[in-house]
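Next come the chains, spelled out residue by residue.
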Amino acid sequence: ILSSISQSYAKLNQTDKAIKLIEEGLKNTKNLQISTNKVLALNSITQAAAKIGKVYQTDNFTKLLEKIITEVKQIQDLSNKTSVLTSIANIYAKLNQVDKSMLLLKLIIKTTNQIQNSANQAKLINSIARVYLNLNQTDKAITLLEQAIKTTNKIQYSINQVSILNSIAETSVKLNQVD
């Protein structure tokens, strides 16, 4: 709820209030005992931060992202941890903070390679490719999309496989728009 309200504040250009609410939400995630709830909360907070980041690029915002990263690193489930970190790397990419995005991407790629579930791994590789697209590194994005397709082909035919391939196709369309 706090994330939604903070996004409303951001739309009204009341970014200080938006950041305070996100920080309050971040504090509340520390009290969550069930990891799934914590992941959902951190993902929601990250999405709210992404919307604020489009208009509010200051030291306070950067510190907020660093606080979120610290909390996300506590998540035990590799797929969930990597998913939220990829969202943050994408925020950095869109804010043209290439060094910070690349630093996170190194950690994300290392973690993604440890994930055993092919479906989760394929989704994450596709998400990483999107970050590279936002960094205008199309060669890396293409390589990752090829890897995502190979990983997806390991999945037994299912709706999940079709969904992942559809997402990869959407990323490919974005890639063609860059060139």
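Treat the numbers as computed from the prediction; the structure is a model and nothing was measured.

Colleague: What exactly am I supposed to notice about the overall build of the protein here?
Modeller: For the protein, the count of helices and strands is nine helices and zero strands. Starting at the N terminus, the α and β elements of the protein follow one another as α-α-α-α-α-α-α-α-α. With 179 residues in all, the protein has 44% of them scored as buried. Long-range pairs, those at least 24 residues apart, make up 60% of the contacts in the protein with a sequence separation of at least 6. In the form shown here, the protein has an accessible surface area of approximately 10,000 Å², with 48% of it arising from carbon and sulfur atoms.

Colleague: Sorry if this is basic, but what is going on with the side chain of glutamine 121 here?
Modeller: Along the polypeptide, glutamine 121 turns up in helix 7 (residues 118-134). Among the polar contacts made by the side chain of glutamine 121, one reaches the main-chain carbonyl oxygen of threonine 112 at a distance of 3.0 Å. Beyond its immediate chain neighbours, meaning those up to four positions away, glutamine 121 contacts Thr112, Asn113, Ile115 and Thr151.

Colleague: Looking at this model, I keep getting lost on unusual backbone geometry. Mind explaining?
Modeller: Residues other than glycine predominantly adopt negative phi, and peptide bonds predominantly adopt the trans conformation. Positive phi, normally seen in glycine, also occurs at asparagine 96, with a value near 60°. Considering the arrangement of structural elements, one finds asparagine 96 in the loop between helix 5 (78-94) and helix 6 (98-112). With a phi angle near 60°, asparagine 136 is a residue other than glycine that sits in the positive phi range. Structurally, asparagine 136 can be placed in the loop between helix 7 and helix 8 (138-152). The exposed category is assigned to asparagine 136, whose relative accessible area is 59%.

Colleague: Any chance you could explain the nonpolar core here in plain terms?
Modeller: Here is a general trend for soluble globular proteins: nonpolar side chains tend to be buried in one another's company. In this structure, Ile68, Ile88 and Leu105 are the most contacted members of the largest nonpolar core, which totals 44 residues. Elements represented by at least two residues in this core include exactly helix 2 (15-29), helix 3 (35-53), helix 4 (59-72), helix 5, helix 6, helix 7, helix 8 and helix 9 (159-178). Top element by residues in this core is helix 7. It accounts for eight residues.

Colleague: Got a minute to help me understand the pattern of salt bridges in this structure?
Modeller: Side chains carrying opposite charge are able to pair once their charged atoms draw close together. The full count for this structure, using the stated rule, is two salt bridges. The salt bridge partner of lysine 100 is glutamate 66, with a shortest N-O separation of 3.9 Å. One end of the pair, lysine 100, is in helix 6; the other, glutamate 66, is in helix 4, and 34 residues separate them in sequence. With relative accessibility at 39%, the residue glutamate 66 sits in the partly exposed group. Between glutamate 170 and arginine 130 there is a salt bridge, with the nearest N and O atoms lying 3.7 Å from each other. Separated by 40 residues along the polypeptide, glutamate 170 in helix 9 and arginine 130 in helix 7 bring together distant segments of the chain.

Colleague: Is there a simple way to think about helix 6 in this case?
Modeller: At 3.6 residues per turn, the α-helix brings residues three or four places apart onto the same side. Under the 1.5 Å per step criterion, the end-to-end length of helix 6 is 20 Å for 15 residues, consistent within 8% with the ideal 21 Å. Those residues of helix 6 that sit buried are Ser101, Met102, Leu104, Leu105, Ile108, Thr111 and Thr112.

Colleague: What am I meant to see in the packing of helix 5 against helix 7 here?
Modeller: When two helices pack together, their arrangement is given by the angle between the helix axes and by the axis-to-axis distance. Between helix 5 and helix 7, whose axes approach to 9 Å, the crossing angle comes to 10°. The angle between the axes of helix 5 and helix 7 places the two elements in the roughly parallel class. Seen from helix 5, the contacting residues are Ser79, Thr82, Ser83, Thr86, Ala89, Asn90, Ala93 and Lys94; seen from helix 7, they are Asn120, Leu124, Ser127, Ile128, Arg130, Val131 and Asn134. Grouping the constituent residues of the contact of helix 5 with helix 7 by class yields five nonpolar, eight polar and two charged.

Colleague: Explain helix 8 here, please?
Modeller: Its 15 residues place the ends of helix 8 21 Å apart at the C-alpha level, agreeing with the 21 Å of an ideal helix rising 1.5 Å per residue. Residues of helix 8 that are buried: Thr138, Ala141, Leu144, Leu145, Ala148, Thr151 and Thr152. The buried residues of helix 8 occupy one face: seen down the axis, they fall within an arc of 135°. Opposite its buried face, helix 8 presents the exposed residues Asp139 and Lys150, each directed more than 90 degrees away.

Colleague: Sorry, what's going on with the confidence of the model for the protein here?
Modeller: One rule of thumb: low pLDDT means the predicted coordinates there are not for detailed reading. In the predicted model, the protein carries a mean pLDDT of 81, and 79% of its residues have values of at least 70. Per-element mean pLDDT across the protein ranges from 62 in helix 1 (residues 2-11) up to 93 in helix 6.

What counts, and where the lines are drawn
Residues numbered from 1 in each chain as written. Predicted model: local features only at pLDDT ≥ 70, side-chain atom pairs only at ≥ 80, totals over all residues. Heavy atoms only, no water. Helix = DSSP H or I, 4+ residues; strand = E, 2+ residues; numbered from the N terminus. Buried < 20%, exposed > 50% of the residue type's maximum accessible area, 1.4 Å probe, protein only. Contact = heavy atoms within 4.5 Å. Areas by Shrake-Rupley, 256 points an atom, 1.4 Å probe, with all protein chains shown as cover. Polar contact = N/O pair within 3.5 Å; in protein donor to acceptor, adjacent residues only side chain to side chain. Core = buried A, V, L, I, M, F, W, Y, C linked by side-chain atoms within 4.5 Å. Salt bridge = Lys/Arg side-chain N within 4 Å of Asp/Glu carboxyl O. Expected span 1.5 Å × (residues − 1). Axes fitted to C-alpha atoms, helices over the stretch in contact; angles between N-to-C directions. Parallel < 35°, antiparallel > 145°, perpendicular 65-115°, else oblique. Nonpolar A, V, L, I, M, F, W, Y, C, P; charged D, E, K, R; others polar. Arc of directions from axis to C-beta. pLDDT = per-residue confidence, 0-100.

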